[in-house]
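Given next are the chains, with one letter for each unit.
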Amino acid sequence: MLRLLLQVSLRNLFRSRINLLIGAIIFFYTLLLVVGGAMLDSLLGSMSRSIVGTVSGHIQLYSVTSRDPMSIWPTMGNEPDLSPMQDYQRVEGAISKLPNVKAVVPMGINGSLITSGNTVDLTLAELRGVVREEKENGKTAELEAERQSLKEHVRQIVRVLHTDLGRATEMETTEARDPEALAAVERASSDAFWQGFDEDPYGALEFLENKVAPQLPDGDLVPLRYVGTDLDGFAKSFDRMEIVDGQAVPPGRRGMLLSKFIYEQYLKLKTARRMDLIKEAVDTGALISTDPELQRYVHQNAQQTREILLQLDPLKSEQAVRALRASLGRSDGTLPELLSAFFAVTDDNFQARYAFFYKELAPLLQLYRLRVGDVLTITAFTRSGYTKSLNIPVWGTFRFKGLEKSPLAGNISLMDIMSFRELYGYLGADTSAEIQALKQEAGAQAVDRTHAEEELFGSGRKVVAEATPGLIDDKKAFPGTAANLRRKDLQQRVFDHAEISRGVVLNAAVILKDPSKLKQTLREVRELSDREHLGIYAVSWQDASGILGQLVMLARLVLYVAAFIIFVVAMVIINNAMMMATLRRTAEVGTMRAIGAQRPFVLTMVLSETLTLGVVFGAAGALLGAGIVGWVGAKGIRATADIMYFFFSGPRLYPHLSISNVIAAMGIVLVVSVVSTLYPAFLAARVPPVRAMQTDE
Amino acid sequence: MAPIVSIVDVYKEYSLGKTLVPALRGVSLDVVAGEFISIAGPSGSGKTTLLNLIGCVDVATRGTVVVAGRNTAELSERELTSLRLNTIGFIFQSFNLVPVLSVFQNVEFPLLLQRKLSAPERRKRVMLLLEQVGIATHADHRPSELSGGQRQRVAVARALVGSPQLVLADEPTANLDSVTGEHIIDLMKELNERDGTTFIFSTHDARVMSHANAVIRLEDGQIVGREKPLGGAQAAGMH
Ligand SMILES: Nc1ncnc2c1ncn2[C@@H]1O[C@H](COP(=O)(O)OP(=O)(O)OP(=O)(O)O)[C@@H](O)[C@H]1O
Ligand SMILES: [Mg+2]
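Residues numbered from 1 in each chain as written. Chains lettered and ligands numbered in written order. Predicted model: local features only at pLDDT ≥ 70, side-chain atom pairs only at ≥ 80, totals over all residues. Heavy atoms only, no water.

The method is simple in principle: a probe with the dimensions of a water molecule rolls over the atoms, and the space it marks as empty is what remains. Residue and element names in this part refer to chain A. Approximately 1,100 Å³ is the volume found for the second largest pocket. If you trace the second largest pocket, you find 41 residues lining it, with Leu44, Gly45, Ser48, Trp541 and Arg556 closest to the centre. Elements that contribute at least two residues to the lining of the second largest pocket include exactly α2 (17-56), α9 (231-237), β9 (507-512), α25 (518-532), α26 (541-544), α27 (546-584) and α31 (659-685). When residues of the lining of the second largest pocket are assigned to their parent elements, the largest contribution, 10 residues, is made by α2. Here the lining of the second largest pocket is composed, by residue class, of 19 nonpolar, 12 polar and 10 charged. Each of two domains, domain 1 (2-50 + 549-691) and domain 2 (57-111 + 504-542), supplies a minimum of three residues to the lining of the second largest pocket. (1 Å grid on protein atoms, 1.4 Å probe; cavity = no way out; pocket = protein on both sides within 12 Å on 5 of 7 lines; lining within 4 Å. Points joined across faces, edges and corners; volume = space filled by probe spheres on them. Helix = DSSP H or I, 4+ residues; strand = E, 2+ residues; numbered from the N terminus. Nonpolar A, V, L, I, M, F, W, Y, C, P; charged D, E, K, R; others polar. Domains from an automatic or database assignment.)

Written as structure tokens, this is what we have:
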């Protein structure tokens, strides 16, 4: 009997156009479900990998006393106001014991602006260093040469400034220059000043530092978001992280790892960065002659040579002039002219100039304003609302594999949690004592520009100081922080893991062994917190990643809604088509009924026909869908915008088909076919047997 | 001998909108097993209506119809279907074969519904019937590949395969040319004589009628005569 039904169904498949129409609908619907499902699943999968694998982990923990919910990518750029966990050590101990928990990584996220030290400051600092060394250790020929070279460099810088001021006076814009400042520049440009330099080097340096340097536009303020964490634990738990330059911060030491993205984007010499961008675009087929953005880069490079000019001391200037003249085939021209001409690249000469730039000019320059091994001064807002500066050595740069170009993944740098605590205003008892000791020892000296920076920071955190254990009111207790901490003692102190977990932790990432059991583990964590009074909230990565996590949900919702709409549409069309098909077959059905087929037989027959239709065309659609997904999966979809790197969790998205996609698609399609045929089948079963006798067709 | 079909004072009215169309007006009829009866009458006289009532595909407005000892008015839809399946075979004017099934499968269909025989037994039975109607060589063909006469032979085989006591045929020759039509009637007659299966068929055609051993004449929904056709066999008692 079943065989008969199957035979009737199979043979009926291609009998009428209506069946073909239904088949086509089922075919395309399955195709869409399989391809759409696989694409979305892959996209969501890669997005979750990006979110989970960079900072968030699977679960985020934070204190119940926090004012804001945890958010790794806060919507308005305002870091959420989190209270420190009451007893992180206990939290870590308890949560780590859950069977599905692989690791708990303590964290704190904060942001600050760093002033990438400008060339004047750096050169003056170097000059001061040489002068001091000569004083302390006696003069040598080597130091003498260095001092002369640095002096020349500073003169060069002052010359550039002088020219700039001259130009500004010519244009005579609205704001009049402070005459005192103008006089200072005039004085610093004079031969007399430089002849007198060696007689009173400290006096001259003071003058340059206080009167001349501030007139040079400061180095950029670079926004820096950092996660203070147990760097070892972080590296172990977030295995996409890899060191690019330098090295990891040694265990127990203080230090920062800068995001390579930030390093390239903000700390590289702008001219070099633009050359890189042009190179990248040109290598992927863009043309300078047609691409307005590239033309803008070229224009900026040709116009803004000042950054390079400031860096070159006379000796290097001479080398640069020689190289540039040779390259451009010119026998004259000043350095600014030559640089402008050199950077006015075209499609024809770009590759050659790019190579020349890195081969000949780059060695004369500092490509990065901050080098691995340098000490970075970070000024951040403490929880009590005051600014706080800390010097932190930069050990290296890092990136998340595959997310090199993603601004979202790239905007986060890493810092040891001890330094983070200090910057945030929370200190362990012993560190507090240590700083007290240092404070007594060193003469407090206010840093001049802190005030300017405070203005800039004005729109930052608006948290009022609270009486929290370990919180220092740093304004009262600790003026002139930067100078104090320049002492290396603190930087070189080694701390152990116990110290990491004993101190203040704002949030923590929980990494799971089996991510598919996220919900269950989340429940366990919450129960544990309630039972043991840990005082923590636990949220999934979706919830912790703010708008990004919601995006994931939204994408899923959109697919479901779309699938549902098509579901309904397909149902209506199939239903109508089946009605027509059934009406056409009343004579046949009537005959079967007359011969002795019961109603359930007819019902089953019609249903099994659409079911067969669903299986056959659904399978065909699924097969083609699998083929398409396989084909796309082999090629990969290229991320065309930087933001897509994060969504794709790499430069390309490689969609892959999971069996569950196919099963779900087939299941849905079969449900659609059966449900939409219920009514027509019911009607068919009610065809009276007399219809067999009515041969009027 | 108990009649296989016993109809007493049957009325059948169709409603067409507000008007009632009387199709049968007090028909009484007994058919004894083994008869080969023709129902004759002008168009619209009620032949088809009568056959439908005997065939349990329709119910009378009034009066009793007893088929194989069962009063059809008292049977449920399910029981009627079962009665059709096991005791009645149908031959239709337009053959009514299932187009997507082969000749063999069409004939096998009632056996599958009956669920009495195993697959090999069915095969034997179907092939026997196909041989009897002389179409065994076309067992694997589709109906569309056959001529009208061949199709009707298949239909005859299908009607008889389930060993019914009664075979009903409403104008089985109307869609065939006269020679082929006569062949079909000869075939039916042959099977009637061999197995004693009762046949009731309607026709307009006098030559076809002449093969019957009794002709029942209908006019305006009433039986106006029951006669033995020329050269026909013995007639049964008339009501
Ligand atoms: N389904 C129906 N609805 C309404 N009236 C019907 C229906 N079937 C038959 N009739 C009417 O009943 C009467 C008998 O019809 P029936 O089909 O039994 O005649 P018939 O003798 O078979 O005619 P024919 O030789 O043309 O096939 C006719 O007047 C017909 O119009
Ligand atoms: Mg008729």
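Next up on the list: the sheet that holds strand β1 (residues 3-16) of chain B. All names here are of chain B. Reading across from one edge, β2-β1-β4-β5 is the order of the 4 strands in this open sheet, with antiparallel pairing throughout. Whereas interior strands pair on both sides, the edge strands pair on one side only; in this sheet they are β2 (19-32) and β5 (70-71). Note: strand β4 (residues 62-67) against β5, 2 bridges, orientation antiparallel. Bridging across to β5, valine 67 finds its partner in arginine 70. (Pairing = 2+ DSSP bridges.)

Moving on: the site of ligand 1. Residue and element names in this part refer to chain B. In the vicinity of ligand 1 lie 14 residues, with Ser43, Gly44, Lys47, Thr48 and Thr49 positioned nearest. The contact in question runs from an oxygen atom of ligand 1 to an N or O atom on the backbone of glycine 44, over 2.7 Å. Surface burial for ligand 1 is 67%, taken as the share of its 620 Å² of free accessible area covered by protein chains. Going through the elements one at a time, β1, β2 and α1 (47-54) are the ones with two or more residues in the shell around ligand 1. (Near = heavy atom within 4 Å. Polar contact = N/O pair within 3.5 Å; in protein donor to acceptor, adjacent residues only side chain to side chain. Areas by Shrake-Rupley, 256 points an atom, 1.4 Å probe, with all protein chains shown as cover.)

Right, let's get into the packing of aromatic side chains. All chains considered together, the criterion is met by 22 aromatic pairs over all chains. Positioned above the aromatic ring of Phe207(A) is the side chain of Arg187(A), whose terminal nitrogen or guanidinium carbon lies 4.2 Å from the ring centre. Over the aromatic face of Phe104(B) sits the side chain of Arg123(B), whose NZ or CZ is 4.5 Å from the ring centroid. (Phe/Tyr/Trp six-rings, centres within 6.5 Å; stacked < 30°, edge-to-face > 60°. Lys NZ or Arg CZ within 6 Å of the ring centre and 35° of its normal.)

A separate point is a nonpolar patch on the surface. Residues and elements named next belong to chain A. Side chains of Leu21, Leu32, Leu551, Leu554, Leu557, Val558, Val561, Ile565, Ile566, Val569 and Ile573 sit close together on the surface and give an oily, nonpolar patch of about 900 Å² of accessible area. Where the nonpolar patch is concerned, the elements lending two or more residues are α2 and α27. Per-element accounting of the nonpolar patch gives the leading share, 9 residues, to α27. (Patch = residues over 30% accessible without salt bridge, like charges linked within 9 Å, V, L, I, M, F, W, Y side chains within 5 Å. Salt bridge = Lys/Arg side-chain N within 4 Å of Asp/Glu carboxyl O.)

On to empty space enclosed by the protein. With the rule as written, the count across this model stands at 6 cavities of 30 Å³ or more. Taken together, Ile595(A), Arg84(B), Leu85(B), Ile88(B), Gly89(B), Phe90(B), Pro110(B), Arg158(B), Ala159(B), Val161(B), Gly162(B) and Pro164(B) make up the full set of residues lining the largest cavity. Residue assignment for the lining of the largest cavity shows that the elements contributing at least two residues are α2 (77-87), β6 (88-91) and α5 (148-161) of chain B. Within the lining of the largest cavity, the residues separate by chemical class into 8 nonpolar, 2 polar and 2 charged. Volume-wise, the second largest cavity comes out at about 60 Å³.

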